[in-house]
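# Chains, contacts and geometry: an overview
Here is what each chain is made of, one letter per residue.
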Amino acid sequence: MNLCDEQAVLDAHYMARALELAAKGRFSTHPNPRVGCVIVCDGQVVGEGWHVRAGEPHAEVHALRAAGAKARGATAYVTLEPCSHHGRTPPCADALVDAGVARVVAAMQDPNPEVAGRGLQRLAQAGIATSSGVMEQQARALNQGFLKRMEHGLPFVRVKLAMSLDGRTAMASGESQWITGPAARSAVQRLRAQASVVLTGADTVLADNARLTVRAEELGLDAEQTALAMSRPPLRVLIDGRLRVPLDAPFFKAGPALVATCAAVEEQYANGPECLIVPGADGQVDLRRLLSELAGRGINEVLVEAGPRLAGAFAQQGLVDEYQIFVAGKFLGSSARPLLDWPLAQMSEAPQLKIIEMRAVGDDWRVIAIPLPAASV
Ligand SMILES: [Zn+2]
């Protein structure tokens, strides 16, 4: 191996550790990105840090504090370009310069227009060697929501569905509880906890008395991660075009919620949850406008947990970034309800998906699939 290759292997090794640290913020950094930092001097890790929550120090600051004087002449590995702007905390690029690090390796540039290359530029101007793009794909995967919001002004939309092996979700009567087992339900709890918003529709709330809350005992996480997850519960958003869900429903009693509707908000809702009026075509809530409104409020990731009609509407309007479909070893039969309310007449209309992961979760299976753009179908 020549010297260059050796450096690349070392860079990837330390960046992998920084990514591991960043992932610790999965449940708590919203609306900020998850970021990790490792400081290495003479082949020794002298400081590590990760961003815990908005308003608190960034990953670089934690790592520099841990490294102390050993940061001088060291290499700092960061999963996202160090910030150059004064937000709620001072710029990390300045902190790295002050600490005297010799080299900064970033996994990717920060797409935040307030940073966008200026952090690395600032470091380079101070005589620090900089590079970017080490394990960029993994770094992007960790912050899909933050990146989508910065790059497209929309949150990342993940649709969770549970179905039988014959692709059905509920009996014709609507009976649908417990299709999947406890391990799958625990996985869904973690999806809720990492989301900025958990979104559902009036049908689900009325039929299942759904509350869509995060339950600590079902997360299956260690004490530290459970505490972080419970300290920042996702905002629950209900799409209820005609305000059919009564205010005494368990959903509203379970905590703060936002209602997206088309109707003028009636008297009875005056002291109730916040309502957002986003009328669209055919008396339905305008989903794209709602998502853009949520992005404007700093929402990075939306988890949709809804029945076939609402999930189908998100799918048909091309608003879904990822499907997580839990599959139970059951048949529900031909009179049971479909996965998505999406009638298609011809095979040529069938949307194409790329299955990126399929693995066992307890006795069930989880399929992760992403829609392919129409052009590649
Ligand atoms: Zn920073």
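Before going into details, it helps to say that this report is about the structure given with it. Please read these numbers as outputs of a predicted model, since none were measured by experiment.

Calculation criteria
- Residues numbered from 1 in each chain as written.
- Predicted model: local features only at pLDDT ≥ 70, side-chain atom pairs only at ≥ 80, totals over all residues.
- Heavy atoms only, no water.
- Donors = N, O, S within 2.8 Å, 3.2 Å for Na, K, Ca; no water.
- Buried < 20%, exposed > 50% of the residue type's maximum accessible area, 1.4 Å probe, protein only.
- Axes fitted to C-alpha atoms, helices over the stretch in contact; angles between N-to-C directions.
- Helix = DSSP H or I, 4+ residues; strand = E, 2+ residues; numbered from the N terminus.
- Parallel < 35°, antiparallel > 145°, perpendicular 65-115°, else oblique.
- Left-handed = near helix turned anticlockwise from the far one by under 90°.
- Contact = heavy atoms within 4.5 Å.
- Nonpolar A, V, L, I, M, F, W, Y, C, P; charged D, E, K, R; others polar.
- Arc of directions from axis to C-beta.
- Core = buried A, V, L, I, M, F, W, Y, C linked by side-chain atoms within 4.5 Å.
- Pairing = 2+ DSSP bridges.

## Considering the coordination of the zinc ion
Reference values for coordination geometry: four tetrahedral donors around a metal ideally subtend 109.5 degrees, six octahedral donors ideally subtend 90 or 180 degrees. For the zinc ion, the full set of protein donor atoms is His58 (ND1), Cys83 (SG) and Cys92 (SG), and the range of their distances to it is 2.0 to 2.3 Å. When the donors of the zinc ion are listed by position in the chain, the intervening gaps give H-x24-C-x8-C. Residue class for cysteine 83 comes out buried when judged on its relative accessible area of 6%. Its relative accessible area of 0% is what places cysteine 92 among the buried residues.

## Focus on the packing of helix α3 (residues 92-99) against helix α4 (residues 118-125)
Their axes nearest at 9 Å, the elements α3 and α4 cross at an angle of 20°. Comparing the axis directions of α3 and α4 gives the class roughly parallel. α4 is crossed by α3, and the crossing has right-handed handedness. Taking contact as the criterion, the partners of Ala93, Asp94, Leu96 and Val97 in α3 are, on α4, Gly119, Arg122 and Leu123. The residue inventory of the contact of α3 with α4, partitioned by class, reads four nonpolar, one polar and two charged.

## Structural notes on α4
Residues spaced three or four apart along an α-helix face the same direction, because each turn holds 3.6 residues. Buried within α4 we find Gly119, Leu120 and Leu123. Taken down its axis, α4 places every buried residue within 95° of arc, on the same side. In this fold, the buried residues of α4 make contact with α3, β4 (103-106) and β5 (129-132). Positive phi appears at glycine 127, one or two residues downstream of α4, with a value of about 85°.

## Topic: the packing of helix α2 (residues 59-67) against α3
The geometry of α2 relative to α3 is characterised by a closest axis approach of 9 Å and an angle of 20° between their N-to-C directions. Viewed along their axes, α2 and α3 adopt a mutual orientation that is roughly parallel. As for the relative orientation of α2 and α3, their crossing is left-handed in sense. Within the contact between the two elements, α2 uses Glu60, Val61 and Leu64 and α3 uses Cys92, Ala95, Leu96 and Ala99. For the contact of α2 with α3, the class distribution of residues is six nonpolar, no polar and one charged.

## So, the nonpolar core
In summary, soluble globular proteins display a tendency toward joint burial of nonpolar side chains. Membership of the largest hydrophobic core comes to 42 residues, with the highest contact counts inside it found for Met15, Ile39 and Val104. Among the elements that take part in this core, helix α1 (residues 3-23) stands out by supplying six residues, more than any other. Aside from chain neighbours lying at most four places away, what touches methionine 15 is Tyr77, Val78, Thr79, Val105, Ala106, Ala107, Val134 and Met135. Core analysis: the second largest hydrophobic core is formed by 35 residues, Leu161, Met163, Leu276 and Val302 among them.

## Quick notes on the sheet that holds strand β3 (residues 75-78)
Taken in spatial order, the five strands line up as β2-β1-β3-β4-β5 in an open sheet, and their pairing is mixed. For this open sheet the edge positions go to β2 (44-50) and β5, each flanked by a neighbour on one side alone. With direction set aside, neighbouring strand axes in the sheet form an average angle of 15°. Pairing geometry for strand β1 (residues 36-41) and β2, over six bridges, is antiparallel. When the bridges of β2 are listed, valine 38 appears paired with glutamate 48. Lying over the sheet, α2 contacts β1, β2 and β3, oriented at roughly 145° with respect to β2.

Any link to function would need more than the numbers given here.
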